[in-house]
Amino acid sequence: MSSLDTNETLRDLHSAATSHRGDRVFNRVITGAAFTSLIVLAGIAIFLGLQAIPAFQSQGLAFLTTTAWDINTDPPTAGIWGMLYGSVLLAVIALVIAVPASILLSVFMVFLAPPKIAKILTNLVDLMAAIPSVILGLWAFYILNPPAEEWQQLLNQYLGWIPIFENASGNFLGTPFIAGFVLAIMMIPIVTSVTREVLGRTPPELINAAESLGCSLWTMLRYVALPYGRGGIVGGVMLGLGRALGETIAVFFVLKLVYDTNWYKVIESGGGSVATLIVSRFGEVTGPFELQLLLAAGFFLFLGTLVVNMIANLIVSRTGRLQK
Amino acid sequence: MSTAEFESVQTLEEQMVESAAPRDLAMDARNLSVWFGKRKVLEGVNIAFPERTCTALIGPSGCGKSTFIRTLNRLHELIPGAALAGSVLYEGKDIYDADVDPVHIRLKIGMVFQKPNPFPSMTIRGNVMSGLKLSGMKRDDHDAIVESTLTSAGLWNEVKDRLDHAAGDLSGGQQQRLVIARALAVEPNVLLMDEPCSALDPASTLKIEETIRELSKNVTIIIVTHNMQQAVRVSDNTAFFLAAENEPGHVVEQGLTTEIFSNPKDQRTLDYVNGRFG
Ligand SMILES: Nc1ncnc2c1ncn2[C@@H]1O[C@H](COP(=O)(O)OP(=O)(O)O)[C@@H](O)[C@H]1O
Ligand SMILES: [Mg+2]
């Protein structure tokens, strides 16, 4: 290593030549597998990117910054800003609901519930993760919609002075709130099972330390268990978020897709979502050009998910920071 | 043993019988029995802990020493199914009375565990202050607390230049002394130590023993140890616990450490302190 300041000849410690043969083979297999997944990922990106080029050439930057889907005009105009923004808005709503709910649920399962009840809950939550999203969408459409309509009316009635709870139309169906709520239901099992696992691994000697310093459960969580598990919890949230961002069909059932930007009115009918745009147009696509537009939208959804994952990694790597 | 010493023991025992709350006792366990679920692990334990002394609890593994000291600061009750009978007096008042706040008890009666357990996500300074932070105590002389407790724990000189480093970078022995400093920062009157040196090397063990002897001038120390020499070196009094197979543990013999080790009354004590079992 060049950073070592020495005249002595350094021995080779790290090259494959000096390692055990079995390890060498194993290392190659593992490296190969890792590269394969990278290649598949790159392949998807390249395929989508190439398909997106004509769409991007015809629409320019406006494809990202405006909101429209007028394919039959000449020239056709398409822009997915409202959809991109809508996806993020839905994800934020889902996070706001799912993260606290999952953490509370995990804390209950790990630190409070009698073992038998914790076990039943664990199984129930895992079962929740297995519900196909089309079933969840149907459930939301028929079962969740009526009560959700009432909750939102109440929100509007009592908190309507807060801009996010404005509703001018009087229509409380097909709102970002309902769609975000459904996404939250999809995220909760994922986030909960990771969080439960991580909290359950809090070293007992740290819990001892906190207890012997007279901690309440709340302070123990705040200063010991949650900081200890933060990296894992963020990872779980990102897994859930990945599912939420890419979710199509469940959102398709409950969100009224509008080609317009719903900036903040979460209980107003109408919103956007890239994945839902793709699924709703795909079946009745008017020609190869619209298909290219949809693939271009898919490309940016893919990029967006990557960005979210990178942010997640950044958060996880910053969790090593020390508390004074 | 001189007559004077013998008399002072007598006096202590008489006091325990005569007065409900002798002032010079920091803690007093009375007729304590302890259960995990249906299983009784301790029976009829009576030990008095005079203020500013060090008491060693010795005995084979599994005889209930850890369980016993965990009843002294109300940690035992945090285990599901835990039960207890008898009483534990702290400064003359039963800590299991309904009006006693367990958080207050745990702060006044600190504890150091077998495995050093500093908070790894906090700095050295952060660890020392963590007891105050976690219990919501407000103090503004932070630097003074950090310096004085680390000095008492015999660690100040080694860490004064890197207070903002991670606690996890310290050696095991240093971590254990850091944990002692952390316990001292909330100004406890009693310090419970459950085999504090059994995970440490001999040099660190000696450092901690020095610390214990120094601390016991101001704080009452109750220490569980499997190391007979350590008990002799650091403690004033010793209690010997024993549990027959499938029977709850009890105290076989207690008294001045010098007596227990040089002239025990019970054959089992003699055998144990001479390393013949356990
Ligand atoms: N959390 C627990 N649940 C059930 N039994 C326990 C628990 N902790 C300790 N015991 C039992 O109580 C007895 C005393 O244990 P302990 O106090 O740890 O002994 P020592 O510290 O003297 O080695 C042992 O038989 C042990 O198996
Ligand atoms: Mg023990």
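All of these numbers come straight from a predicted model, not from anything done at the bench.

Novice: What exactly am I supposed to notice about the overall build of chain B here?
Specialist: The helix and strand inventory of chain B stands at 11 helices and 10 strands. For chain B, the spread of C-alpha atoms along the three principal axes comes to 50 × 40 × 40 Å. Intrachain contacts of chain B at a sequence separation of at least 6 include 69% that bridge at least 24 residues.

Novice: What exactly am I supposed to notice about the overall build of chain A here?
Specialist: When its secondary structure is counted, chain A shows 11 helices and 2 strands. Scanning chain A from its N terminus toward the C terminus, one meets helices and strands in the order α-α-β-β-α-α-α-α-α-α-α-α-α. Relative to its full complement of 324 residues, chain A shows a buried share of 35%. By sequence separation, contacts in chain A at least 24 residues apart represent 77% of the contacts at least 6 residues apart.

Novice: Would you mind going over the pairing of strand E4 (residues 82-90) of chain B with me for this structure?
Specialist: Every regular strand shows the same layout, with side chains that alternate between the two sheet faces. Residue and element names in this part refer to chain B. Pairing of strand E1 (residues 25-36) with E4, which is carried by 8 bridges, proceeds in the antiparallel orientation. Residue pairing across strands places Phe36 opposite Ala82, the latter belonging to E4. Alignment of E4 against strand E5 (residues 93-94), held across 2 bridges, turns out to be antiparallel. Pairing of Leu89 across the sheet is with Asp94, part of E5. Counting the residues between successive antiparallel strands, the hairpin from E4 to E5 contains 2 residues, one of them, Glu91, with a positive phi of roughly 50 degrees.

Novice: Hey, could you run me through the interface of chain A and chain B in this one?
Specialist: How big an interface is tends to be reported as the loss of accessible area on association of its parts. The partner chain B presents 23 residues to the 18 residues of chain A that form the contact. When residues of the side of chain A that touches chain B are traced back to their parent elements, those giving at least two are helix H7 (204-212) and helix H8 (217-246) of chain A. By residue number, the principal contributor to the side of chain A that touches chain B is H7(A), which donates 7 residues. Along the lines of polarity and charge, the residues of the side of chain A that touches chain B split into 10 nonpolar, 5 polar and 3 charged.

Novice: Looking at this structure, how should I read the site of ligand 1?
Specialist: All names here are of chain B. Around ligand 1, the neighbouring residues are Phe36, Val41, Ser61, Gly62, Cys63, Gly64, Lys65, Ser66, Thr67 and Ile79. Ranked by residues supplied to the shell around ligand 1, first place goes to helix H2 (residues 65-72) with 3 residues. Classifying every residue of the shell around ligand 1 gives 4 nonpolar, 5 polar and 1 charged.

Novice: I tried to follow the sheet that holds strand E9 (residues 237-242) of chain B on my own but got confused; where do I start?
Specialist: Within a beta sheet, neighbouring strands are joined by backbone hydrogen bonds and run either parallel or antiparallel to one another. All names here are of chain B. On the basis of which strands lie adjacent, the open sheet formed by 6 strands has the order E6-E7-E8-E3-E9-E10 and mixed pairing. A single partner strand is all that each edge strand has here, and the edge strands are strand E6 (109-112) and strand E10 (250-256). Sheet twist, expressed as the average angle between the axes of neighbouring strands with direction ignored, equals 15 degrees. By the bridge criterion, 6 bridges tie E9 to E10 in an arrangement that is antiparallel. Counted as the bridge partner of Ala239 is Gln254 from E10.

Novice: Please explain the pairing of strand E7 (residues 190-194) of chain B as it appears in this structure.
Specialist: Residue and element names in this part refer to chain B. Of all 5 residues making up E7, 5 are buried, and the element is well covered by its neighbours. Where burial is concerned, the two faces of E7 agree: the one with Val190, Leu192 and Asp194 and the one with Leu191 and Met193 are both buried. Summarising the sheet, E6 and E7 pair through 4 bridges and their orientation is parallel. Bridge assignment links Gly110 to a residue of E7, and that residue is Leu191. In this sheet, strand E8 (residues 220-224) lies alongside E7 in parallel orientation, the contact comprising 5 bridges. Opposite Leu191, over in E8, you have Ile221 as the bridge partner. For the handedness criterion, the β-α-β arrangement of E7, helix H8 (residues 202-215) and E8 is classed as right-handed.

Novice: Can you walk me through the sheet that holds E4(B) in this structure?
Specialist: Residues and elements named next belong to chain B. Pairing is antiparallel in the open sheet, where 4 strands are placed in the order E2-E1-E4-E5. The outermost strands of the open sheet, each flanked by one partner alone, are strand E2 (39-50) and E5. Along the sheet, H2 makes contact with E1, E2 and E4, crossing E1 at roughly 120 degrees.

Novice: Is there a simple way to explain the nonpolar core in this structure?
Specialist: Soluble globular proteins: nonpolar side chains tend toward being buried together. In this structure, Val182(A), Leu183(A), Met187(A), Val251(A), Ala297(A) and Met27(B) are the most contacted members of the largest nonpolar core, which totals 152 residues. It is helix H6 (residues 176-200) of chain A that provides the largest number of residues to this core, a total of 16 residues.

Novice: Would you take a moment to explain the environment of Thr36(A) for this structure?
Specialist: Residue and element names in this part refer to chain A. Within the secondary structure, Thr36 sits in helix H1 (residues 21-59). On the neighbour-count criterion, Thr36 (10 C-beta atoms within 10 Å) is exposed. Note: C-alpha distance between Thr36 and Phe172 (136 residues apart in sequence) is 47 Å.

Novice: Sorry if this is basic, but what is going on with helix H3 (residues 81-112) of chain A here?
Specialist: Each α-helix winds once per 3.6 residues, and so residues spaced three or four apart point in a common direction. With 32 residues, H3(A) extends 45 Å from end C-alpha to end C-alpha; this agrees with the ideal 46 Å at 1.5 Å per step. At Leu95(A), H3(A) is bent by approximately 25 degrees, the largest bend along its length.

Novice: Is there a simple way to think about H2(B) in this case?
Specialist: All names here are of chain B. Within H2, 7 of the 8 residues are buried, which leaves the element mostly enclosed by the surrounding structure. Along H2, the positions that sit buried rather than exposed are Lys65, Thr67, Phe68, Ile69, Arg70, Thr71 and Leu72. Immediately downstream of H2, the backbone of Arg74 shows phi near 60 degrees, a positive value.

Novice: What's the story with the confidence of the model for chain B in this structure? I'm lost.
Specialist: Detailed reading of predicted coordinates is not advised where the pLDDT is low. Residue and element names in this part refer to chain B. Per-residue confidence for chain B gives a mean pLDDT of 90; residues scoring 70 or more make up 92%. In this model, residues 1-11 is a region of pLDDT below 50 whose contacts with residues beyond four sequence positions or in other chains number 6 contacts. Contacts from residues 14-23, a stretch scored under 50 in pLDDT, to residues over four places away or in other chains number 4 contacts. Of the two predicted TM-score estimates for the complex, the pTM is 0.81 and the ipTM is 0.82.

Conventions adopted
- Residues numbered from 1 in each chain as written.
- Chains lettered and ligands numbered in written order.
- Predicted model: local features only at pLDDT ≥ 70, side-chain atom pairs only at ≥ 80, totals over all residues.
- Helix = DSSP H or I, 4+ residues; strand = E, 2+ residues; numbered from the N terminus.
- Contact = placed C-beta atoms within 7 Å.
- Buried ≥ 20, exposed ≤ 12 C-beta atoms within 10 Å, placed from the backbone.
- Pairing = 2+ DSSP bridges.
- Nonpolar A, V, L, I, M, F, W, Y, C, P; charged D, E, K, R; others polar.
- Near = placed C-beta within 6 Å.
- Axes fitted to C-alpha atoms, helices over the stretch in contact; angles between N-to-C directions.
- Right-handed = clockwise from strand over helix to strand, strands pointing away.
- Core = buried A, V, L, I, M, F, W, Y, C linked by C-beta atoms within 7 Å.
- Expected span 1.5 Å × (residues − 1).
- Bend = angle between axes of the 7 residues up to and from the residue.
- pLDDT = per-residue confidence, 0-100.

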